[in-house]
Amino acid sequence: ILAYVWRFASQFVMAVIEKYSKAEYSLDRDDFIFIETALSNVVDSKTARFLDYVKQQGSKQKLDAATTFLTITKPRDQIRLLTNAIYSVLSYFDKKYRKGQADFRVGLLEIVEGKPVEWLEYKGASGPALTPAELAEVDSTVMACIKARRPIFIHNIVKESKKAQNKRRYTELSEDTGADMGSLVCYPVKYGYKNDIPYVITVKTDLKNHLKPDGLYEWIIERFVNRMLLEHSLFILREKSL
């Protein structure tokens, strides 16, 4: 009897270990290829722009440096394309969205002096985006993200919105909009040179507990944020050159 019990217990323990030792999400070759292709498409647009300018100016012996720099650099366009690429990759990984079972949107907010001022890009789903004034509310997820200087994951918006105001990290809206449902991620784009946060990336779905695991979403977004920081440096230099 003891031998039988021991065998059963051992099998049970091994099954539990096998189940919970697996990663929450694993990427295969096709996943990495898709991410790399999304990044390459953004770079390709810049390459094409540079090449077109070289062709246009090919007959000239000398070019004005300032004019050339201002013409070929389009950092805001590139940052918008990177946001669209994030949407493309996250949509690819979201099986329920691909089956039409989930709403999904990705946005990029410009942040000035610690507050949102403008949507630079907003892609996916239907319905209007929240205004920067609404997002500047003290208890909004965007402001919590800026203050904490780290990604904020709200896995259940309804549950979060019911918390006490001093603990809540979500701005309540009218129930008619359907916005107080689902999951939300706010990711700060931190610019090291000025210790600034010039942008916040937002990801929202209408399903609760859906944007998981946290580490996967952070890792994917970070691939594109690194490129955004390069473009933001160009944006600063371009503004000073005008």
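Placed above this text is the structure.
The present account deals with the structure reproduced in this document. Keep in mind the model is a prediction, meaning the values are calculated, not measured.

Description of the state of the cysteines
Here is step 1: Per the stated rule, a full pass over the model turns up zero disulfides.
Here is step 2: Unpaired in terms of disulfides, Cys186 finds its nearest cysteine sulfur in Cys145, a separation of 5.5 Å.
Here is step 3: Classification of Cys186 as buried rests on a relative accessible area of 1%.

Describing unusual backbone geometry
Here is step 1: For the bond running from Lys212 to Pro213, omega is -5 degrees, close enough to zero to count as cis.
Here is step 2: Note on placement: Pro213 falls in the loop between β5 (196–205) and α9 (214–241).
Here is step 3: Even without being a glycine, Arg149 presents a positive backbone phi close to 60 degrees.
Here is step 4: Residue placement: Arg149 occurs in the loop between α7 (141–148) and β3 (152–154).

What to know about the packing of aromatic side chains
Describing an aromatic ring pair means giving the distance of the ring centres and the angle of the ring planes.
Here is step 1: Applying the stated criterion to the full structure yields five aromatic pairs.
Here is step 2: Note on Tyr92 and Phe93: the rings are 5.2 Å apart at their centroids and 85 degrees apart in plane angle, and the pair reads as edge-to-face.
Here is step 3: Phe93 sits in the buried class, given a relative accessible area of 9%.
Here is step 4: We note Arg76 situated over the ring of Phe235; from NZ or CZ to the ring centre the distance is 4.1 Å.

Here's the deal with the side chain of His232
Here is step 1: One can find His232 in helix α9.
Here is step 2: Those residues in contact with His232 that lie beyond four places of it in its chain are Ile79, Tyr191, Pro198 and Tyr199.

Observations regarding the nonpolar core
Generally speaking, a soluble globular protein has its nonpolar side chains buried in company with each other.
Here is step 1: Counting 32 residues, the largest nonpolar core has Ile86, Leu90, Val106, Ile201, Val203, Phe224 and Met228 as its most contacted members.
Here is step 2: When residues of this core are traced back to their parent elements, those giving at least two are α2 (29–56), α4 (75–93), β1 (104–112), β4 (183–191), β5 and α9.
Here is step 3: If near-sequence neighbours (up to four positions away) are discounted, Phe224 is found in contact with Ile35, Ala38, Leu39, Leu82, Ala85, Ile86 and Val89.
Here is step 4: Of all hydrophobic cores here, the second largest spans 16 residues; its members include Cys145, Ile146, Ile152 and Val200.

Some points on α2
Here is step 1: For α2, built from 28 residues, the straight-helix expectation of 40 Å at 1.5 Å per residue is met to within 8% by its first-to-last C-alpha distance of 40 Å.
Here is step 2: All buried positions along α2 are accounted for by Asp31, Ile35, Ala38, Leu39, Val42, Lys46, Arg49 and Tyr53.
Here is step 3: Among the residues of α2, the N-terminal cap falls to Asp28, whose side-chain oxygen and the backbone nitrogen of Asp30 are separated by 3.1 Å.

Describing the pairing of β5
Here is step 1: Across the ten residues that make up β5, a large majority, nine, are buried.
Here is step 2: Sheet topology places β1 next to β5; seven bridges connect them, and they run antiparallel. Each residue of the ladder has a partner; that of Glu110, found in β5, is Tyr199.
Here is step 3: Relative to β5, β4 runs antiparallel, the two being bridged by eight bridges. In the sheet register, Ser183 faces β5, and the bridge partner there is Thr205.
Here is step 4: Remark: four residues form the turn of the hairpin made by β4 and β5, two consecutive strands paired antiparallel; Asn195 in that turn has positive phi of roughly 55 degrees.

Digging into the pattern of salt bridges
Here is step 1: Per the stated rule, a full pass over the model turns up seven salt bridges.
Here is step 2: Notably, a salt bridge pairs Asp77 with Arg80, separated by 3.5 Å at the nearest N-O pair. Here the residue Asp77 and the residue Arg80 both occupy positions in helix α4, the gap between them amounting to three residues, near one helical turn.
Here is step 3: Since its relative accessible area comes to 39%, Asp77 is described here as partly exposed.
Here is step 4: The exposure class assigned to Arg80 is partly exposed, which follows from its relative accessible area of 26%.
Here is step 5: Notably, a salt bridge pairs Glu160 with Lys163, separated by 3.0 Å at the nearest N-O pair.

Thresholds applied
- Residues numbered from 1 in each chain as written.
- Predicted model: local features only at pLDDT ≥ 70, side-chain atom pairs only at ≥ 80, totals over all residues.
- Heavy atoms only, no water.
- Disulfide = S-S within 2.5 Å.
- Buried < 20%, exposed > 50% of the residue type's maximum accessible area, 1.4 Å probe, protein only.
- Helix = DSSP H or I, 4+ residues; strand = E, 2+ residues; numbered from the N terminus.
- Phe/Tyr/Trp six-rings, centres within 6.5 Å; stacked < 30°, edge-to-face > 60°.
- Lys NZ or Arg CZ within 6 Å of the ring centre and 35° of its normal.
- Contact = heavy atoms within 4.5 Å.
- Core = buried A, V, L, I, M, F, W, Y, C linked by side-chain atoms within 4.5 Å.
- Expected span 1.5 Å × (residues − 1).
- Polar contact = N/O pair within 3.5 Å; in protein donor to acceptor, adjacent residues only side chain to side chain.
- Pairing = 2+ DSSP bridges.
- Salt bridge = Lys/Arg side-chain N within 4 Å of Asp/Glu carboxyl O.

By themselves these figures say nothing about function.
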